[in-house]
Amino acid sequence: MTTRSELHLTQHAQALASLDVNRLQSWGQHLAHLLTHEGRLLIAGNGGSAAEAQHLSAELLGRYRRENPDRPPLPALALHTDTSTLTALANDFGYEQTFARQIQAHGRPGDVLLVLTTSGTSPNILTALHQARALGLTTWALTGPGPNPTTEHSDQAIPVNGATAHVQEAQLVAIHLLCDTIDTELTRHDLPPSPGTTTTTRRPGTLPPTTADIRREPMTAARPQVVVIGDVLLDETLEGPVLRISPEAPVPVVSTPGQHYTPGGAGLAALLAANHAGDDQAVTLITALNDDQAGTNLLSLLSSAGVEVINLGTDAPTAVKTRIRSSGQTLLMLDRATPATTPTALTSAARTALRNASAILVSDYGRGITAHPDTRNLLSELAAHIPVIWDPHPRGSTPVPGTTMVTPNSSEAHHFATPGVSGQPPITALAADTRAGEVLLKLWKAKHIAVTRGSHGIVLVCTSGAAPVVIPAPAVNAVDTCGAGDAFAADIATQLALGVLPTTATAHAVRAAAAFVAKQSIEQRECSSPDTTHDILQRVARRRAEGATIVATGGCFDLLHRGHITMLQQARALGDLLVVCLNSDESVTRLKGHPRPIVTAADRAAVLSALGCVDEVVVFDEDTPEQILDLLRPDVFVKGGDYAAGDLPERTTIESHGGQIVLVTYLDGRSSTHIINRATSTTPHATA
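Counting restarts for each chain, with residues numbered from 1 along the sequence as it is written. Reporting of local features is limited, given that this is a predicted model, to residues whose pLDDT is at least 70; pairs of side-chain atoms are given and counted only at 80 or more, and all residues count toward the totals for whole chains, interfaces and linings. With hydrogens and water excluded, all non-hydrogen atoms of the structure serve as input to the side-chain values.

*Asks:* Just to check I follow, could you spell out the overall build of the protein chain for this structure?
*Replies:* When helices and strands are counted, the protein chain shows 24 helices and 25 strands. Relative accessible area decides the class of each residue, using a 1.4 Å probe on protein chains only: under 20% of the type maximum gives buried, over 50% gives exposed, and in between gives partly exposed. Per-residue burial over the protein chain gives 48% buried out of 688 residues. The long-range share in the protein chain, meaning contacts at least 24 apart out of those at least 6 apart in sequence, stands at 70%. Here the open area of atoms and residues is found with the Shrake-Rupley method and a 1.4 Å probe, where only the protein chains shown may cover a residue. Surface summary for the protein chain: the accessible area is close to 31700 Å², and the carbon and sulfur share equals 53%. Strands here are runs of E lasting at least two residues and helices are runs of H or I lasting at least four, both read from the DSSP assignment and numbered beginning at the N terminus. Two residues qualify as a contact provided that any one of their heavy atoms is within 4.5 Å of a heavy atom in the partner residue.

The following block contains the structure:
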């Protein structure tokens, strides 16, 4: 018969087995450097955990190993030992502030706060974590079974599975392992300063080195590691101008297209994470690649971007997606994706990378990387104390329980949540997305669900039972939003790796995704060939064939003013499409003299195109637009009212095609020449 003592010892061993020894070793290595370079360790706990906290500070201020008598004292402060301070703070500010006020006084950017708690719910511990993170401290937690509020609000946590007594026993073992690692590091690297010397020079009153500063010193603490795991594909883009329609079929012909490659899927997520992280974080990608040409291209692209690739290997050819584009628009997509990869077990290097991660991003594109039981078991284990972000796919694996944040788009969220919301009455799109997020929160046992809603931003649903958080997206003028979801998930991963709270990280990621889409749109416009006169004539011809009334007008439009706007609005009201014939720079100079034009033709055309009343802008080099009008054949040609129809050189051309000339009212005193003269005159003008 098992005695209670035997049962206690069995449960004690089980609790010890749940200790993350690798993370403890990482903590010890960091502290060995930090505490010998003017950083300090603050420790907080309640009850039995307070005793363990005091034990740790005693080991660091004294010595852990008897054979190390010359080791200098290390700056560690247990925040509960001064009973006068503790009771005064509790009396004056409330018990929740007993540790937070001390952190505000003693904590400095780059210091470490270690909290010990068996429940993970103590209010004064949670308040201390918030205060420490606000001041730029790194926050670690030794806690009971997770997830719990303490693991949620700590940069890194080591939860111990077991009853309170066994958690406290494991915490004592963890403290000894931590001290042993610190002493080993100090001995191995000879880090302690010699008596009477200092390790760094710092003026009184200045802050000690921050974590970023410490990373640049000889024995550097490891940079935060963002590990991306998922399916990778190669994106190929062929882009060129469309100058004609094929005589073989009614399809556009893309002439002399340029070709470029980018990583897709998890490869794009890793690339974006590396861009967001810069030099402050390391990014590792775990994926399965073939050694074919596409796989070789991907490895080269990722390596050149600073992404470390751990290749699990596969016999399946690398998936390639080809987009054929013109003028910033995708005309056709070719998908050369083979059947999903057979799930591959993790290598030792992959397991080590995941265990040492500061944040893990699962970028699932439905090709099998995350389906292997070994991978899922490890992710489930790590989700208890490492932020795990899961970007799901309709054909992919379901997120593991305890995932910090899942980021489906609206369509994916409704796909996954359909059984839980079927039969519900119609509601607004926002309410529907919120309800889908709430269903998925319970279904997947995740901590947060962030449903991305395109230009409408995101709705964030949390386990805490708080009201959903709606974060609008900045306005972006873009049609192609490809990659926005990857940018969103990648930025959340880099933020959570730095210890940013999930809600704050989500808001930052919304802005980062919008910036990515805007940047992509600009680059596409810059890479795309500008519209030729032929392109514009083709579009006008199509509209004419549809029965549209074509209106044209012309001019220099050097400095756009109210008179121009009024005339253009009246012109557009006369038909279905307005084409502005714009004098080129050389034409304006001949007509107006030097130094006209003030604004280049490209900029004048861009400003005119931005007006809602203008549909097309075509630039001509002659002094008058007869030649382009002969090609456009407008139904109506509009000029300002200061002209007489008989004086217009365009009259013959317009009437030869059956069109008519219309004069619209003109605002007196408004002209580019008048504005320029006033601006360059030395005589001040009174204003009404």
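Continuing now.
*Asks:* What am I meant to see in the sheet that holds strand 5 (residues 156-159) here?
*Replies:* Think of a sheet as strands paired side by side through backbone hydrogen bonds, with each pair either parallel or antiparallel. A pair of strands is labelled paired if DSSP reports no fewer than 2 bridges between them. Sheet architecture is open: 5 strands sit in the order 2-1-3-4-5, paired in parallel fashion. Lying at the two open borders of the sheet, with one neighbouring strand each, are strand 2 (76-78) and strand 5. For this sheet the average axis-to-axis angle between neighbouring strands, irrespective of direction, equals 15 degrees. The sheet contact formed by strand 1 (residues 41-45) and strand 2 spans 3 bridges and is parallel. For L42, the partnering residue across the bridge sits in strand 2 and is L77. Against the sheet, helix 2 (residues 21-34) engages strand 1, strand 3 (112-117), strand 4 (138-143) and strand 5, with an angle of about 135 degrees to strand 5. To obtain each axis, a line is fitted to C-alpha atoms, and for helices this fit is confined to the stretch in contact; angles are then taken between N-to-C directions over 0 to 180 degrees.

*Asks:* Can you help me understand the sheet that holds strand 13 (residues 320-326) in this one?
*Replies:* Pairing is mixed in the open sheet, where 4 strands are placed in the order 10-7-13-14. Unpaired on one side and paired on the other, strand 10 (258-265) and strand 14 (329-336) mark the two borders of the sheet. Going across the sheet, the axis of each strand differs from the next one's by a mean of 20 degrees, ignoring polarity. Across 6 bridges, strand 7 (residues 232-239) lies against strand 13 in parallel orientation. Residue pairing in the sheet places T237 in a bridge with R323 of strand 13. Contacts from helix 11 (residues 293-304) reach strand 7, strand 10 and strand 13, with the element oriented near 90 degrees to strand 7.

*Asks:* Looking at this structure, how should I read empty space enclosed by the protein?
*Replies:* The rolling of a water-molecule-sized probe over the atoms marks out the regions of remaining empty space. Method remark: on a 1 Å grid restricted to protein atoms, a set of points is classed as a cavity if a 1.4 Å probe fits but cannot get out and as a pocket if it is open with protein on both sides within 12 Å along at least five of seven lines; lining residues have an atom within 4 Å of a point. Grid points are joined across faces, edges and corners, and a volume is the space filled by probe spheres set on the points. Summed over all chains, the structure comprises 2 cavities of 30 Å³ or more. As a volume, the largest cavity reaches approximately 160 Å³. Around the largest cavity sit 16 residues that line it, and T151, E152, S154, P387 and T404 are the ones nearest its centre. All residues other than Ala, Val, Leu, Ile, Met, Phe, Trp, Tyr, Cys, Pro, Asp, Glu, Lys and Arg, Gly among them, are scored as polar; the first ten of these are nonpolar and the last four charged. Across the lining of the largest cavity, the residue classes break down as 7 nonpolar, 5 polar and 4 charged.

*Asks:* In this structure, what is going on with a nonpolar patch on the surface? I would like to understand it.
*Replies:* For patches, a residue must show more than 30% relative accessible area and have no salt bridge; joins then use 9 Å for like charges and 5 Å for nonpolar side chains, namely Val, Leu, Ile, Met, Phe, Trp and Tyr. One side-chain nitrogen of Lys or Arg within 4 Å of one carboxyl oxygen of Asp or Glu is enough to make a salt bridge. Where nonpolar side chains cluster on the molecular surface, the patch consists of L331, L332 and L334 and spans about 240 Å² of accessible area. Topologically, L331 is positioned in strand 14. What makes L331 partly exposed here is its relative accessible area of 40%.

*Asks:* What's the story with the pattern of salt bridges in this structure? I'm lost.
*Replies:* When charged atoms on two side chains of opposite charge get close, those side chains can pair. Counting across every chain of the model gives 15 salt bridges. Notably, a salt bridge pairs R543 with E546, separated by 3.5 Å at the nearest N-O pair. Judged by its relative accessible area of 29%, R543 falls in the partly exposed class. R604 is the partner of D585 in a salt bridge, and the nearest nitrogen-oxygen pair spans 2.9 Å.

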